[in-house]
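Coordinate analysis (summary)
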Amino acid sequence: QVQLVESGERLVQAGGSLRLSCAASGRTFSNYGMGWFRQAAGKERELVAGINWSGAMTSYSDSVKGRLTISRDNVKNTVYLQMNSLKPEDTAVYYCAARDPGYRSARVERDPSKYDYWGQGTQVTVSS
């Protein structure tokens, strides 16, 4: 069983920055595709950033491109989400997720139903 634990600042003013971290248990973290999703009130969960097992491939939603950066450290079993130039519309619960396809996939999966493990979620609030 894989456990994902998110941490990071949760309240920031518009235009500010914060970084979320997600620490994963498990010996095969380096095989996992990782994603950061968010769900705002009344909206569906969406992928904001994803990264493949090596970090060579990343994918972002159009709404966050140029402002958010996903990265990973396979030695520390941790994935990060650096969030800059934050806007009030970035306010949501942010979830870390892991996908274990059983091999080292080069692609980044955007469909949340294809992810196997989820963190508990952390509320991020951007005040105007």
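This text follows the structure it describes.
Quick summary incoming for the structure in this document.

The rules we used
Residues numbered from 1 in each chain as written. Predicted model: local features only at pLDDT ≥ 70, side-chain atom pairs only at ≥ 80, totals over all residues. Heavy atoms only, no water. Salt bridge = Lys/Arg side-chain N within 4 Å of Asp/Glu carboxyl O. Helix = DSSP H or I, 4+ residues; strand = E, 2+ residues; numbered from the N terminus. Buried < 20%, exposed > 50% of the residue type's maximum accessible area, 1.4 Å probe, protein only.

Okay, the pattern of salt bridges next. Any two side chains of opposite charge can pair if their charged atoms end up close together. If you walk through the whole model with that rule in mind, you get five salt bridges. Of the charged contacts, one joins D90 and R38 as a salt bridge, the two residues approaching to 2.9 Å between their closest N and O atoms. Of this pair, D90 sits in the loop between β8 (78-83) and β9 (92-99) while R38 sits in strand β4 (residues 33-39); the two residues are 52 residues apart in sequence, bridging distant segments of the chain. We classify R38 as buried; its relative accessible area is 7%. One salt bridge connects K65 with D62, and the closest N-O pair in it is separated by 3.3 Å. In this structure D62 comes out as exposed when scored by relative accessible area, which is 66%.

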